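These are the residues of each chain, in order.
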Amino acid sequence: MKFRRTSVLIAAAALTTAGLAACGGGSSSGGGDSLTVGIKYDQPGLGLKEGSTYTGFDVDVAKYVADKLGYKEDQIEWKQAPSPQRETLLQSGQVDMIVATYSITDERKQKVDFAGPYFIAGQDLLVRSDDNAIKGPKDLEGKKLCSVKGSTSASHIHDQYPKVQLQEYDTYSKCAEALANGAVDALTTDNTILAGYAAQPQYKGKLKVAGNTFSEEVYGIGIKKGDKDKCTKINDALKSMVDDGSWDKFVKKNFGPANFKVDESKNPPKPGGNC
């Protein structure tokens, strides 16, 4: 009797183990159980985390690409990707790809690869609504300008406008707060990001975009260097996104509320050529 009971217990344990293996084994979608995607958490209209909800243009693009790679939405693991950490996150394998207003530059291409581009923006200024003196970077001499450490926007100002008092914060949301309370005179980054902040309830009517772009920012999807196969698949997904109308839908959904006008002479760009 003792032997028979033991046999039954062993058989039951084996069935349980088999069941767990069937539920938690490798997924057929994308070759793994999940896809880790780096995004911004504090950019309204692009990448914004509110509780357990993620919204924005970059988020929608990432979901579309993930689906084309074989991952369902519930298989995406979102991870915050601050500007100074993006290359490290990719190089260390902490994320599979980054979709976070990630401008393609020659310097960055030495460390990571890019699929895309999927959007072309331009650097601009965010100022207080009652400030009519600051219209461009030439009006910032002797004034305090905020940007984010590790961003192309900060680098551009540092290199081209050395007389500007550049203050580099960790996030653009901190810059927006500093601008609203008078600690700095302007905030600079891509016009897409600035439009999102200007449209936020706490800043609506208080902050405005100057409306004079002075750079070209080409957004790509960052991946680990050397992964040519993934790069090609992502480019194919981005092409489909434009062709089937999803790109237009994402633009209207996320930029429409901010009354942001997309430069149609440059958008949508044609993906490819970066990998």
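Conventions used here
Residues numbered from 1 in each chain as written. Predicted model: local features only at pLDDT ≥ 70, side-chain atom pairs only at ≥ 80, totals over all residues. Heavy atoms only, no water. Helix = DSSP H or I, 4+ residues; strand = E, 2+ residues; numbered from the N terminus. Buried < 20%, exposed > 50% of the residue type's maximum accessible area, 1.4 Å probe, protein only. Contact = heavy atoms within 4.5 Å. Areas by Shrake-Rupley, 256 points an atom, 1.4 Å probe, with all protein chains shown as cover. Core = buried A, V, L, I, M, F, W, Y, C linked by side-chain atoms within 4.5 Å. Disulfide = S-S within 2.5 Å. Polar contact = N/O pair within 3.5 Å; in protein donor to acceptor, adjacent residues only side chain to side chain. Salt bridge = Lys/Arg side-chain N within 4 Å of Asp/Glu carboxyl O. Pairing = 2+ DSSP bridges. Phe/Tyr/Trp six-rings, centres within 6.5 Å; stacked < 30°, edge-to-face > 60°.

A. Examining the overall build of the protein chain more closely. Assigned secondary structure in the protein chain consists of 8 helices and 13 strands. Buried positions account for 48% of the 275 residues belonging to the protein chain. Contacts spanning at least 24 positions in sequence make up 71% of the contacts within the protein chain whose residues lie at least 6 apart. Counting only carbon and sulfur atoms, one obtains 48% of the accessible surface of the protein chain, whose full area is about 13800 Å².

B. Highlighting the nonpolar core. Phe57, Val61, Tyr118, Phe119 and Ile221 are the most contacted members of the largest nonpolar core, which has 54 residues in total. The leading source of residues in this core is helix H2 (residues 57-68), at 7 residues.

C. Structural detail: the state of the cysteines. Here the structure, examined in full by the defined rule, presents 1 disulfide. A sulfur-sulfur separation of 2.1 Å characterises the disulfide bridge that pairs cysteine 146 with cysteine 175. Taking the sign of the S-S torsion, -70° for the link of cysteine 146 and cysteine 175, the bridge is left-handed. Placement of cysteine 146 in strand E9 (residues 144-148) and of cysteine 175 in helix H5 (residues 172-180) is noted, with a sequence separation of 29 residues between them. Comparing cysteine 146 with cysteine 175, the two get one shared label, buried.

D. Structural view of the side chain of glutamine 43. Relative to the helices and strands, glutamine 43 resides in strand E2 (residues 42-43). A polar side-chain atom of glutamine 43 sits 3.3 Å from a polar atom in the side chain of threonine 101. Beyond its immediate chain neighbours, meaning those up to four positions away, glutamine 43 contacts Leu48, Thr101, Tyr172, Ile193 and Tyr197.

E. Fine view of the pattern of salt bridges. The tally for this structure, following the rule as stated, stands at 9 salt bridges. For aspartate 185, the salt bridge goes to arginine 128, with nearest N and O atoms at 3.7 Å. With aspartate 185 in the loop between H5 and strand E11 (186-190) and arginine 128 in strand E8 (residues 123-128), this pair connects stretches of sequence that are 57 residues apart. The salt bridge involving lysine 174 is made with aspartate 170; its shortest N-O contact spans 3.7 Å. Of the residues examined, lysine 174 reaches a relative accessible area of 40% and is grouped as partly exposed.

F. Examining the sheet that holds strand E4 (residues 53-55) more closely. The strand order E2-E3-E4 describes an open sheet built from 3 strands, whose pairing is antiparallel. Pairing within the sheet leaves two strands with one partner each, and these edge strands are E2 and E4. Of the pairings in the sheet, the one linking E2 to strand E3 (residues 47-50) comprises 2 bridges and is antiparallel in character. Counterpart to glutamine 43 in the pairing with E3 is glycine 47.

G. Examining the packing of aromatic side chains more closely. Taken as a whole, this structure holds 14 aromatic pairs when the rule is applied. Relative to phenylalanine 250, the ring of tyrosine 64 lies with its centre 6.4 Å away and its plane at 75°, an arrangement referred to as edge-to-face. Placement of tyrosine 64 in helix H2 and of phenylalanine 250 in helix H8 (residues 246-255) is noted, with a sequence separation of 186 residues between them. Grouping residues by exposure puts tyrosine 64 and phenylalanine 250 together as buried. Relative to phenylalanine 260, the ring of phenylalanine 255 lies with its centre 5.4 Å away and its plane at 70°, an arrangement referred to as edge-to-face.

H. Representation of the environment of histidine 156 within the structure. Here histidine 156 lies in helix H4 (residues 152-160). Non-local contacts of histidine 156, meaning those with residues more than four positions away in its chain, are made with Gln123, Tyr161, Phe214 and Ser215.

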